[in-house]
Amino acid sequence: MDATLLDAEAEAAVLRVYRQVFAVLAREAGAMIIDPDLLDADQAILDAFAEAGSDGLTVEQATVACRSYPHDVITRRFDVLRQYGAITKLVDRPNELRHRAAFAPYVMLMFLRRMSVQGGQAELHQLLQLEAHSVSDPNAIADDGRASIERLTKVFRLLGNELAILVSTSTTAQLRENAQLAWGNERLIEQAEGVHRLVLGRWPELHRDCTSLRMALAAYADAVQLAAGRLVERAGTTRALGLLPSETWLTFTRGSDPEALAAVLDGMLFDAAAPDFSAQTMVEAIEMGRRTGSARMAPPRPTADADAPESAAATDREDLRAEAERVLAGRAEVDIVEVVDEAGDWITARRVLAELTAAHLHDELEYELVWSDGMRIDPEAGTPWATEGVFRRVAR
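Residues numbered from 1 in each chain as written. Predicted model: local features only at pLDDT ≥ 70, side-chain atom pairs only at ≥ 80, totals over all residues. Heavy atoms only, no water.

Before going further, it helps to examine the packing of helix α15 (residues 336-343) against helix α16 (residues 346-361). Axis separation between α15 and α16 bottoms out at 8 Å; the angle between their running directions is 140°. Here α15 lies oblique to α16, going by the angle between them. With respect to the hand of their crossing, α15 and α16 are arranged in right-handed fashion. On the side of α15, the interface is formed by Ile 336, Val 339, Val 340 and Ala 343, while α16 contributes Thr 348, Ala 349, Val 352, Leu 353 and Leu 356. (Axes fitted to C-alpha atoms, helices over the stretch in contact; angles between N-to-C directions. Helix = DSSP H or I, 4+ residues; strand = E, 2+ residues; numbered from the N terminus. Parallel < 35°, antiparallel > 145°, perpendicular 65-115°, else oblique. Left-handed = near helix turned anticlockwise from the far one by under 90°. Contact = heavy atoms within 4.5 Å.)

Printed below as a string of structure tokens:
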């Protein structure tokens, strides 16, 4: 009887720790969290407990410390954390108002943050290092090596299966969102192969278990190749941004100068806002949009010989050249504000600017459109807001 009670007590202790750890995932009692903002609320509550010291906090003090969040959100999350044992009374008595927080939920929050950013790759690298240290221990036996190989085999089977399912059933957008599963795969495979060599070298009788690990690694490598190939094929190399860690893009934006960041928008023309729409005009536009049919137009087909596309391209090039020369009117450069004012209204100016932008981007034309940071604002002009810049002839 004593042994049974002791076993039950040990199981209850383990369960209590698990409940504390997973409390940050509980949206409500018996449910899992689905709103990432609630994780921020949990972290704010636990941060407040960390700052409070050994005196603890009451519910009211916690809501004041987390006043950047809605009051009802903090009180609800406080109750959920308390119900799961992540927050307990400072002293176990009926009228106790002060509470203390366990460290396990905060550790879980840190783990979740890293998982969301890196997809668990850092944790997997650490696992592989620990397994290598474990099988290298002089006191390790064959059972330790077998257990290590079995753990790694299951991990890489799960990774490979998940990627294979994503490749076969998911859209390109979903695959890009889960592309962190493929980060650092070469290094992961190398580390796993290192553990494999250590185990096989010390305990040759475990060759069957090692064969299972090699098969799991091969399946994972194949799944990674298929996932990357589908991303490049469907989304293009310039849009498969999920293949890079988010920290890489943050570092780029923090360390780049304004010119490098502005180059992303080079060649784009943004339409100005038109505040003169009446409510009736908006209603009519919506009604016309609802009546728009979904009939698909056949693509244009060349009616002449094979050099028709080239002739059309040459015609477009000469049309752009003629428009550019008309705007320049024999000058080396012209101010964009002047071009906008000569157009008279934004509808006409927009068409002219679009053609000047096309001439600027054309490889065979010797024109350049350069924007500056200034803006002309004149309520009396046909286009009140006009960004300053120049259109000029250059040598290419």
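The structure having been displayed, the exposition proceeds.
Quick look at the confidence of the model for the chain now. Overall, the predicted model of the chain reaches an average pLDDT of 77, with 70% of residues at or above 70. Mean pLDDT across the elements of the chain ranges from a minimum in helix α1 (residues 2-21), with 63, to a maximum in strand β3 (residues 333-335), with 91. In the predicted structure, residues 305-309 sits below a pLDDT of 50 and forms 1 contact with residues beyond four places in sequence or in another chain. (pLDDT = per-residue confidence, 0-100.)

Next up on the list: helix α9 (residues 185-202). With 18 residues, α9 ought to run about 26 Å at 1.5 Å a step, and its terminal C-alpha atoms sit 26 Å apart, in line with that. All of the buried residues along α9 are Asn 185, Leu 188, Ile 189, Gln 191, Ala 192, Gly 194, Val 195, His 196 and Val 199. (Expected span 1.5 Å × (residues − 1). Buried < 20%, exposed > 50% of the residue type's maximum accessible area, 1.4 Å probe, protein only.)

This brings us to the sheet that holds strand β4 (residues 367-377). As a general point, the strands of a sheet are linked pairwise by backbone hydrogen bonds and lie either parallel or antiparallel. As summarised here, the arrangement of the 3 strands in space is β3-β5-β4, forming an open sheet in which the pairing is antiparallel. At either end of the open sheet lies a strand with only one pairing partner, and these are β3 and β4. Neighbour-to-neighbour, the strand axes of the sheet open up by a mean angle of 15°, direction not taken into account. In this structure, β3 lies alongside strand β5 (residues 385-393), joined through 3 bridges in antiparallel fashion. Bridge assignment links Glu 333 to a residue of β5, and that residue is Arg 392. Along the sheet, α15 contacts β3, β4 and β5; its crossing angle with β5, the most-contacted strand, is approximately 110°. (Pairing = 2+ DSSP bridges.)

A separate point is unusual backbone geometry. Phi at Ala 329 takes a positive value of approximately 55°, unusual for a residue other than glycine. Locating Ala 329 in the fold gives a position in the loop between α14 (308-328) and β3. Judged by its relative accessible area of 54%, Ala 329 falls in the exposed class.

On to the pairing of β5. Put simply, side chains in a regular strand alternate between the two faces of the sheet. With 8 bridges joining them, β4 and β5 adopt antiparallel strand pairing. The residue of β5 that forms the bridge with Trp 371 is Gly 389.

Moving on, we come to the nonpolar core. Judged by nonpolar contacts, the single largest core of 26 residues is most densely connected at Leu 128, Phe 156, Leu 163, Leu 188, Val 199, Trp 203 and Tyr 220. Take this core: its biggest share by element is 8 residues, from helix α10 (residues 207-235). Excluding residues within four positions of it along the chain, Phe 156 makes contact with Leu 128, Leu 188, Ala 192, Ala 216, Leu 217 and Tyr 220. One finds Leu 39, Ala 41, Phe 49 and Cys 66 within the second-largest nonpolar core, a separate group that totals 25 residues. (Core = buried A, V, L, I, M, F, W, Y, C linked by side-chain atoms within 4.5 Å.)

Overall, the coordinates contain 16 salt bridges when judged by the stated rule. Residue Glu 323 is joined to Arg 326 by a salt bridge in which the shortest nitrogen-to-oxygen separation is 2.7 Å. Within this pair, Glu 323 and its partner Arg 326 are both found in helix α14, separated by 3 residues, close to a single helical turn. Three or more residues are tied together by salt bridges with common partners; here these are Arg 317, Glu 318, Arg 321, Glu 364 and Glu 366. (Salt bridge = Lys/Arg side-chain N within 4 Å of Asp/Glu carboxyl O.)

Attention now moves to the packing of aromatic side chains. Using the criterion set out here, one finds 3 aromatic pairs in the structure. Ring geometry for Tyr 367 versus Phe 391: centroids 5.7 Å apart, planes at 20°, classification stacked. One end of the pair, Tyr 367, is in strand β4; the other, Phe 391, is in strand β5, with 24 residues separating them in the sequence. Of the residues examined, Tyr 367 reaches a relative accessible area of 0% and is grouped as buried. (Phe/Tyr/Trp six-rings, centres within 6.5 Å; stacked < 30°, edge-to-face > 60°.)

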